[in-house]
There are 4 protein chains.
Amino acid sequence: MTTEPANPRYRSERSHKAILDAALKLCLEQGFARTSVDAIAKEAGVGKQTIYRWWPSKAAVLVEAIDRQSAPSIEFPDTGDIYADLRDQMVAVAKYFQTTQSSTYREVIGAAQSDPAAAQAILDTLVNPRVQGCRRRLERAQQQGQIRTDAVLDDVVELIYAPLYYRLLLGARPNTPSQVEDILNLVFDGIRPQTPNPPSTDD
Amino acid sequence: MTTEPANPRYRSERSHKAILDAALKLCLEQGFARTSVDAIAKEAGVGKQTIYRWWPSKAAVLVEAIDRQSAPSIEFPDTGDIYADLRDQMVAVAKYFQTTQSSTYREVIGAAQSDPAAAQAILDTLVNPRVQGCRRRLERAQQQGQIRTDAVLDDVVELIYAPLYYRLLLGARPNTPSQVEDILNLVFDGIRPQTPNPPSTDD
Amino acid sequence: MTTEPANPRYRSERSHKAILDAALKLCLEQGFARTSVDAIAKEAGVGKQTIYRWWPSKAAVLVEAIDRQSAPSIEFPDTGDIYADLRDQMVAVAKYFQTTQSSTYREVIGAAQSDPAAAQAILDTLVNPRVQGCRRRLERAQQQGQIRTDAVLDDVVELIYAPLYYRLLLGARPNTPSQVEDILNLVFDGIRPQTPNPPSTDD
Amino acid sequence: MTTEPANPRYRSERSHKAILDAALKLCLEQGFARTSVDAIAKEAGVGKQTIYRWWPSKAAVLVEAIDRQSAPSIEFPDTGDIYADLRDQMVAVAKYFQTTQSSTYREVIGAAQSDPAAAQAILDTLVNPRVQGCRRRLERAQQQGQIRTDAVLDDVVELIYAPLYYRLLLGARPNTPSQVEDILNLVFDGIRPQTPNPPSTDD
DNA sequence: TAATAATCGAGACGGTACGTCGTGTCTTGCT
DNA sequence: AGCAAGACACGACGTACCGTCTCGATTATTA
């Protein structure tokens with residue numbers, strides 16, 4: 001795990017799990033900001049020192065907890081239809097971003113703005129693995145001719161995920177499935193007017 | 001600012017400005033998280049009460065301070081070329097997001113993840129005015145036929161701004177001018193392969 | 001009060017008193033060592049900071065509290081009979097040293113062994129005023145010819161008080177009134193054998 | 001030492017000594033209060049458990065360590081002149097009480113105010129053996145007519161030692177050889193005015 | 001011009017949480 | 001099998017801030 005020290009000489013597996021569970025539970029109940037390390041320790045039946053021994057901060061605990069919780073759903077689908085796969089994945093993310101649970105993720109990203117180590121942990125543990133999954137799926141699609149060959153895929157990944165995070169973190173508009181689809185259509189077809197030159201075009 | 005009262009009488013004007021200046025200065029020097037209300041009050045030569053009289057939180061102070069600082073650059077350019085205008089504006093934003101000053105903005109957005117009132121202030125004061133400026137510019141471009149008529153402009157605005165915020169807040173990659181241009185090209189042309197020949201589907 | 005800072009710009013008299021009362025109460029109930037600053041603060045309905053603002057340590061709080069409690073009994077009696085006065089005072093001290101309350105005093109002296117500031121406060125606040133009272137009484141007695149003129153009174157004071165503290169702090173034997181009287185007789189008459197016959201010294 | 005088990009087998013002898021040495025060394029360097037059991041264990045190259053196996057507390061360790069250190073000087077001199085012997089012994093104690101090493105002893109007595117077991121160990125191990133030595137010397141002197149026959153020797157011992165401890169633990173005045181002698185003269189001759197002439201009473 | 005009222009600086013207040021240290025017990029794995 | 005090394009639950013430490021509440025001094029208005 002990213003946020004662990006190099007040398008877990010030995011750690012109590014029971015305590016480890018109890019800490020992650022307690023952290024998630026309390027954040028769900030009262031929010032990340034209102035959840036103190038003391039409270040996590042008490043809820044987990046653990047000494048505060050044990051938390052500080054294995055994680056550098058409250059945020060780091062929750063990065064690992066969130067990761068463990070969401071690890072199963074990490075794989076990107078591949079049905080052969082890149083549009084459908086992207087849509088399904090984005091809708092799944094959008095739905096998660098609408099849940100109460102994701103508030104914890106949101107607040108952890110917020111805390112990471114003042115905590116470079118936490119920011120790095122988020123990237124390494126939560127964001128990049130999923131981004132890479134998306135990228136690999138895009139690569140296959142590009143090889144199959146479903147995506148322009150000149151598209152820089154790292155940019156494409158960002159273009160797809162960025163609106164979801166924008167809405168999550170700025171809160172201007174909620175992440176709804178229909179808007180996800182609107183965004184995806186724009187990403188596929190662009191905003192340039194349909195080429196006025198005679199030989200053209202889709203709808 | 002949203003939370004200001006009707007009658008800032010007496011000595012208030014001087015204090016008001018001193019608070020905003022002190023807040024920006026301290027955040028620049030040591031970051032938002034390490035800047036306490038006490039410290040702002042002391043730096044501004046002001047009683048703590050005076051700060052709480054006008055703003056509900058430290059974040060709210062900085063929303064106003066950042067707004068005052070960036071107010072001049074709020075207008076969206078209109079040279080007639082929507083691509084060039086978007087590129088110039090995005091590059092300007094990207095450059096700002098690379099500065100040290102923007103760290104304060106970044107941290108304030110972070111704090112807002114646990115502070116709905118601050119989140120609303122950010123939207124109302126900092127984000128929405130600029131978003132609306134962008135939207136109005138896009139409307140003119142759409143009327144001039146530079147953008148597809150079926151594009152939903154609110155979505156387009158998000159698609160343009162989201163990657164900038166994504167990089168600001170997730171920190172995966174820096175906001176460089178060249179990447180801004182790559183993104184903009186994707187937004188304009190989409191990722192779907194060119195289909196010059198009318199009858200087509202891939203696979 | 002000795003242990004207060006020079007500049008009590010203003011302090012809440014209510015809190016001040018509540019802290020001293022709470023400290024004495026908790027020490028009486030569970031002993032000085034088992035009484036934490038947190039507990040005193042909670043019992044007094046006071047913030048911990050308020051304690052640390054006015055006293056450098058838990059021991060300093062209790063020095064002041066004990067002083068306030070015992071201030072009334074500070075005066076040394078003067079009936080004209082120095083022996084009787086010393087006996088009465090010593091017996092009073094011995095009785096106090098046998099009470100549960102004095103355990104707090106005892107433990108505070110114990111803590112002062114590792115805390116020079118507390119040691120000084122004990123001397124200045126609790127010990128020296130009483131020692132001076134005793135000394136002044138001895139001076140009057142010496143002038144009245146009830147005490148040898150060549151006796152160094154500072155030493156006499158110590159000789160009188162020391163056995164009381166010795167028993168208090170070493171705990172070899174309890175401070176009983178009868179032993180007090182034995183000691184006092186020794187102090188008055190010395191241990192040298194009576195030498196009524198003019199020519200005498202033992203080898 | 002009181003708390004030692006019956007069978008210190010295996011590697012224990014080396015560890016036992018290392019613990020006592022480490023404890024004394026650390027207390028000398030940084031004081032008893034700032035010396036933790038962990039630190040002693042580390043310094044001695046010993047597991048913490050090994051310390052707790054043999055002693056009930058840090059104070060108990062130091063009682064034994066101090067005892068071992070001062071055991072050689074336990075015997076009371078007997079030159080035949082009780083005054084000279086007492087003076088020599090008291091001066092020796094006074095000198096020791098002025099050394100840095102005695103700070104450890106002082107602090108251990110301090111800690112014992114909140115630790116009855118330690119208090120008992122101090123009495124049994126350090127104080128009573130020396131007190132008994134003094135008492136036995138006084139007995140001989142009394143039999144030789146150098147001390148009043150009606151003097152209760154247990155009280156006399158206390159009267160002699162108490163001022164030394166009073167100064168050690170209260171710290172009002174330092175333990176100097178000359179003051180020791182003043183005290184001793186008072187103990188021998190008392191404070192009552194000389195009444196050499198048969199017919200006499202004070203005022 | 002003096003008296004009165006308001007506004008503010010300074011900072012004390014009751015609290016909560018922090019991250020560290022020390023305690024005495026328990027666990028692991030080396031020797 | 002015995003021990004060092006140190007993880008563990010626990011509890012206290014002293015500090016930093018929070019947001020509220022005095023307290024006086026200074027200012028502005030009214031008498």
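A quick note: this is a predicted structure, and the numbers were derived from the prediction, not measured.

(A) Looking closely at the confidence of the model for chain A. Residues and elements named next belong to chain A. In this model, chain A carries a mean pLDDT of 91, and residues with pLDDT of at least 70 account for 91%. Under a pLDDT of 50 for its full length, residues 1-7 has, in the predicted model, 18 contacts with residues more than four places off or in other chains. Low pLDDT, under 50, characterises residues 197-203; the stretch is placed with 5 contacts to residues that sit more than four places away or in other chains.

(B) Quick peek at the protein's contact with DNA strand F. Contacts to DNA strand F come from 36 residues, most closely from B:Gln49, B:Tyr52, C:Lys48, C:Tyr52 and D:Thr50. When the atoms of DNA strand F within 4 Å of the protein are sorted by group, sugar and phosphate make up 70%. Here A:Trp54 contributes a side-chain N or O atom positioned 2.9 Å from a phosphate oxygen of DNA strand F. For the surface near DNA strand F, a count of residues per class yields 11 nonpolar, 13 polar and 12 charged.

(C) Geometry of the interface of chain B and chain A. Between chain B and chain A, the contact holds 48 residues from the first and 47 residues from the second. Summing the contributions of chain B and of chain A, the shared interface buries around 4800 Å²; its carbon and sulfur component is 60%. The interface formed by chain B and chain A includes 10 salt bridges. When the shortest N-O distance is used, the salt bridge between A:Arg167 and B:Glu158 registers 2.6 Å. Elements represented by at least two residues in the side of chain B that touches chain A include exactly helix H6 (101-112), helix H7 (116-143), helix H8 (153-170) and helix H9 (177-189) of chain B. When residues in the side of chain B that touches chain A are grouped by element, the largest group, 14 residues, is from H8(B). Per-class residue counts for the side of chain B that touches chain A are 25 nonpolar, 10 polar and 13 charged.

(D) Spotlight on the UniProt feature "DNA-binding region" (unreviewed entry) in chain A. Under the feature "DNA-binding region" (unreviewed entry), the UniProt entry names residues 36-55 of chain A. Secondary structure content for residues 36-55 of chain A is 75% helix and 0% strand, and the end C-alpha separation is 14 Å.

(E) Focus on the relation of the copies chain B and chain A. When chain B is fitted to chain A, the best match, at an RMSD of 0.1 Å, comes from turning it 180 degrees and sliding it 0.0 Å along the axis. Such a turn and shift between the copies fits a two-fold axis. Take the interface residues of chain B: 96% of them recur as interface residues in chain A, which is what a same-surface contact looks like.

(F) Molecular detail of the interface of chain C and chain D. At the interface, 47 residues of chain C touch 47 residues of chain D. Buried area between chain C and chain D, both sides added, is near 4700 Å², and the carbon and sulfur share of it is 60%. Taken together, chain C and chain D are joined by 10 salt bridges. In this structure, the salt-bridge partner of D:Glu158 is C:Arg173, at a minimum N-O distance of 2.9 Å.

(G) View of the environment of B:Arg106. Mapped onto the elements, B:Arg106 comes out in helix H6. Placed 74 residues apart in sequence, B:Arg106 and B:Phe32 show a C-alpha to C-alpha distance of 9.2 Å. A distance of 3.0 Å separates a polar atom in the side chain of B:Arg106 from the backbone oxygen of A:Gln113.

(H) Examining the arrangement of the chains more closely. Across the gap from chain A to chain D, with no contact made, the nearest C-alpha atoms are 16 Å apart. One finds no contact between chain B and chain D; the C-alpha atoms of the two approach each other to within 32 Å at their closest.

(I) Geometry of the relation of the copies chain C and chain D. Laying chain C over chain D is done by rotating through 180 degrees and shifting 0.0 Å along the axis; what remains is an RMSD of 0.1 Å. Both copies present the same face, since 98% of the interface residues in chain C are matched by interface residues at the equivalent positions in chain D.

(J) Layout of the packing of aromatic side chains. Counted under the stated rule, the structure contains 26 aromatic pairs over all chains. Aromatic pair A:Tyr96 and A:Phe97: ring centres 5.9 Å apart, planes at 50 degrees, arrangement tilted. Since its relative accessible area comes to 26%, A:Tyr96 is described here as partly exposed. Between the aromatic rings of C:Phe97 and C:Tyr105, the centroid separation amounts to 6.2 Å while the plane-to-plane angle is 45 degrees, which identifies the pairing as tilted. Given the relative accessible area of 7%, C:Phe97 is considered buried. According to the relative accessible area criterion, C:Tyr105 is buried, its value standing at 4%.

(K) Fine view of the UniProt feature "domain: HTH tetR-type" (unreviewed entry) in chain A. Using the residue numbers shown here, the UniProt feature "domain: HTH tetR-type" (unreviewed entry) corresponds to residues 13-73 of chain A. When the span residues 13-73 of chain A is considered, its composition is 75% helix and 0% strand, and the gap between its end C-alpha atoms is 24 Å.

(L) Expanded view of the environment of C:Arg68. Residue and element names in this part refer to chain C. Note that Arg68 resides in helix H4 (residues 58-70). The exposure class of Arg68 is partly exposed, given its relative accessible area of 40%. Through-space distance from the C-alpha of Arg68 to that of Ser178 is 29 Å; in sequence the pair is 110 residues apart.

(M) Fine view of the domain arrangement of chain A. All names here are of chain A. As assigned here, chain A comprises domain 1 (13-54) and domain 2 (69-189). Computed from C-alpha atoms alone, the centre-to-centre distance between domain 1 and domain 2 is 28 Å. Contacts between the two partners involve 6 residues from domain 1, matched on the other side by 7 residues from domain 2. Summing both partners gives a buried area of about 530 Å² for domain 1 against domain 2, and 72% of it is carried by carbon and sulfur.

The rules behind these values
- Each chain carries its own residue numbering, running from 1 in the direction its sequence is written.
- The order in which chains are written sets their letters, starting at A; the order in which ligands are written sets their numbers, starting at 1.
- Totals for whole chains, interfaces and linings use all residues, but because this is a predicted model, local features are given only for residues with pLDDT of at least 70 and pairs of side-chain atoms are given and counted only at 80 or more.
- For the side-chain quantities, the full set of heavy atoms in the structure was used; hydrogens and water were omitted.
- Residue-level confidence of the predictor, termed pLDDT, takes values from 0 up to 100.
- The contact definition used throughout considers only heavy atoms, calling two residues in contact when any of these lie within 4.5 Å.
- Here, proximity means that at least one heavy atom of the residue falls within 4 Å of the molecule or strand.
- Pairing of N or O atoms within 3.5 Å defines a polar contact, subject to two protein rules: one partner must be a possible hydrogen donor and the other a possible acceptor, and residues neighboring in sequence count only if both atoms are side-chain atoms.
- Classification convention: Asp, Glu, Lys, Arg as charged; Ala, Val, Leu, Ile, Met, Phe, Trp, Tyr, Cys, Pro as nonpolar; all other residues, Gly among them, as polar.
- When two components associate, each loses some accessible surface as probed by a 1.4 Å sphere; the sum of these losses over both components is called the buried area.
- For this document, the term salt bridge refers to a Lys or Arg side-chain nitrogen within 4 Å of an Asp or Glu carboxyl oxygen.
- To qualify as a helix, a DSSP run of H or I must reach at least 4 residues; to qualify as a strand, a run of E must reach at least 2; elements of each kind are numbered from the N terminus.
- UniProt positions are given in the numbering used here, feature names are shortened, and annotations may be inferred rather than shown by experiment.
- To line up the copies, we fit them by least squares on C-alpha atoms, keeping just the residues with pLDDT of at least 70 in both.
- Two rings belonging to Phe, Tyr or Trp (six-membered ring only in the last case) form a pair when the distance between their centres is within 6.5 Å. Interplanar angles under 30 degrees mark stacking, angles over 60 mark edge-to-face geometry, and anything in between is tilted.
- Working definition: with a 1.4 Å probe on protein chains only, accessible area under 20% of the residue-type maximum means buried, over 50% means exposed, and in between means partly exposed.
- The source of the domain bounds is an automatic or database domain assignment.

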